[in-house]
Amino acid sequence: MRKRSADLAKIKPSEITPEDQYLSRRALLAGGIGLAAAQTLGGFARPAIGQSAGPPTALTYARNTAFSVKDAPNSYADISTYNNYYEFGTGKSDPSENAQNFRTRPWNVAVSGEAEVTGNFTLEDIIKPHPLEERVYRLRCVEAWSMVIPWVGFPLRDLLNRFKPTANAKFVEFKTLFDPKQMPGQRTRVLEWPYVEGLRMDEAMHPLALMAIGLYGKWLPNQNGAPLRLIVPWKYGFKGIKAIVGIRFVQRAPRTTWAGSAVNEYGFYANVNPEVDHPRWSQATERRIGANAFGPRQPTLPFNGYAAQVASLYSGMDLRKNF
Ligand SMILES: Nc1nc2c(c(=O)[nH]1)N[C@H]1C(S)=C(S)[C@@H](COP(=O)(O)O)O[C@H]1N2
Ligand SMILES: [Mo]
């Protein structure tokens, strides 16, 4: 059942605190005045987003070099044909073959739980107020391979702040679409469906956490998680949940799909850690997918190379227990 889309522009001005004003103003512009959404605000070029027609092929974004790694990105071909997306099969080439007809428009996201603003939002509601950035991030899979990907998206925290999480929101849970008709993997029991992931609130609010809608300057290919997927660059790739239809603010750590399938193999935190092996293989080194796939393995970096930015989130925690 699909409720009428809630409208962020209906938040009363009296409810808007000063730090929210900038975002809310943009939410009002995007929701209220169609044409304004296509203009440039705050120095960022904005994408023109069609209402119900398919997405345009190009996105307009600002390059965020401060948050990008210097490594050369993998090719578009590598990034869009070597995937993990069990809804479309367990082989690396299955998603690119089986997700071609997956329908990503229209798309809705249900926001619920411990927040002042909840309801159902259209994809356009979710995306429109946010200036887009390109950030080149490493993706490290728990299977010990990695890629470097120029994602296009917006900071997750800017989106979450629009919903005004309450003090009870300690974690945020994300859910993938459940539609076995479209997602053949969901007709099997290879995982529990729908796919669920989660972050502790302070992790979700970290500026490196990105809500991605594109890569290489284009809208996300279906196999990479269109129309909306999470990127948490200091964690193993399975935290980067694809095709998000649910965001729920909760008090307790959600039961995540991979931890639920094998709790000794996949932890909730999933921080990239060369010192904590997966029970069936070492995490000390990794293989970079692509041209150098047969070159030497590279040492895995703690927090996937983002330790300077995120290690403080975990000070005092035993990362062997909280893996
Ligand atoms: N819904 C959903 N999201 C998912 C997965 C999945 O099977 N289903 N696989 C995860 C894993 S294990 C990885 S490594 C990344 C891969 O992202 P990519 O295919 O865009 O490189 O997606 C993650 N997100
Ligand atoms: Mo993965």
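So, a few notes on the structure that sits alongside this text.

This paragraph deals with the environment of Pro299. Mapping Pro299 onto the fold places it in strand 13 (residues 298–299). Between the C-alpha atom of Pro299 and that of Pro274, which follows or precedes it by 25 residues, the distance is 7.9 Å. Residues in contact with Pro299, not counting those within four places in the same chain, are Ala284, Thr285 and Glu286.

On to the sheet that holds strand 11 (residues 244–250), then. The sheet built from 5 strands is open, its strands ordered 3-2-11-6-7 with mixed pairing. Because the sheet does not close on itself, it has two edges, and the strands there are strand 3 (119–122) and strand 7 (196–200). Ignoring which end each strand starts from, the neighbouring axes of this sheet average 20 degrees apart. Across 6 bridges, strand 6 (residues 171–176) lies against strand 11 in antiparallel orientation. Bridging across to strand 11, Phe171 finds its partner in Val250.

Lining the immediate environment of ligand 1, one finds 17 residues, of which Asn83, Tyr86, Glu87, Gly240 and Lys242 sit closest. Here an oxygen atom of ligand 1 sits 2.9 Å away from a polar atom, N or O, in the side chain of Asn224. Gly240 places a main-chain nitrogen or oxygen 2.8 Å from a nitrogen atom of ligand 1. Alone, ligand 1 offers 540 Å² of accessible surface; in the complex the protein occludes 99% of this. Of the residues in the shell around ligand 1, the class split is 8 nonpolar, 6 polar and 3 charged.

A few words on the pattern of salt bridges. Pairs may arise between side chains of opposite charge once their charged atoms sit close together. Going through the model one piece at a time under the given rule, you end up with 12 salt bridges. Across the salt bridge formed by Glu173 and Arg248, the nearest N and O atoms sit 3.2 Å from each other. Of this pair, Glu173 sits in strand 6 while Arg248 sits in strand 11, placing them 75 residues apart in sequence. A salt bridge links Glu192 to Arg255, with the shortest nitrogen-to-oxygen separation between them at 2.7 Å. Of the two residues, Glu192 is situated in the loop between strand 6 and strand 7 and Arg255 in the loop between strand 11 and helix 7 (257–261); the sequence distance between them amounts to 63 residues. The network of salt bridges with common partners includes Asp71, Arg138 and Arg288.

Conventions we followed
- Residues numbered from 1 in each chain as written.
- Chains lettered and ligands numbered in written order.
- Predicted model: local features only at pLDDT ≥ 70, side-chain atom pairs only at ≥ 80, totals over all residues.
- Heavy atoms only, no water.
- Helix = DSSP H or I, 4+ residues; strand = E, 2+ residues; numbered from the N terminus.
- Contact = heavy atoms within 4.5 Å.
- Pairing = 2+ DSSP bridges.
- Axes fitted to C-alpha atoms, helices over the stretch in contact; angles between N-to-C directions.
- Near = heavy atom within 4 Å.
- Polar contact = N/O pair within 3.5 Å; in protein donor to acceptor, adjacent residues only side chain to side chain.
- Areas by Shrake-Rupley, 256 points an atom, 1.4 Å probe, with all protein chains shown as cover.
- Nonpolar A, V, L, I, M, F, W, Y, C, P; charged D, E, K, R; others polar.
- Salt bridge = Lys/Arg side-chain N within 4 Å of Asp/Glu carboxyl O.

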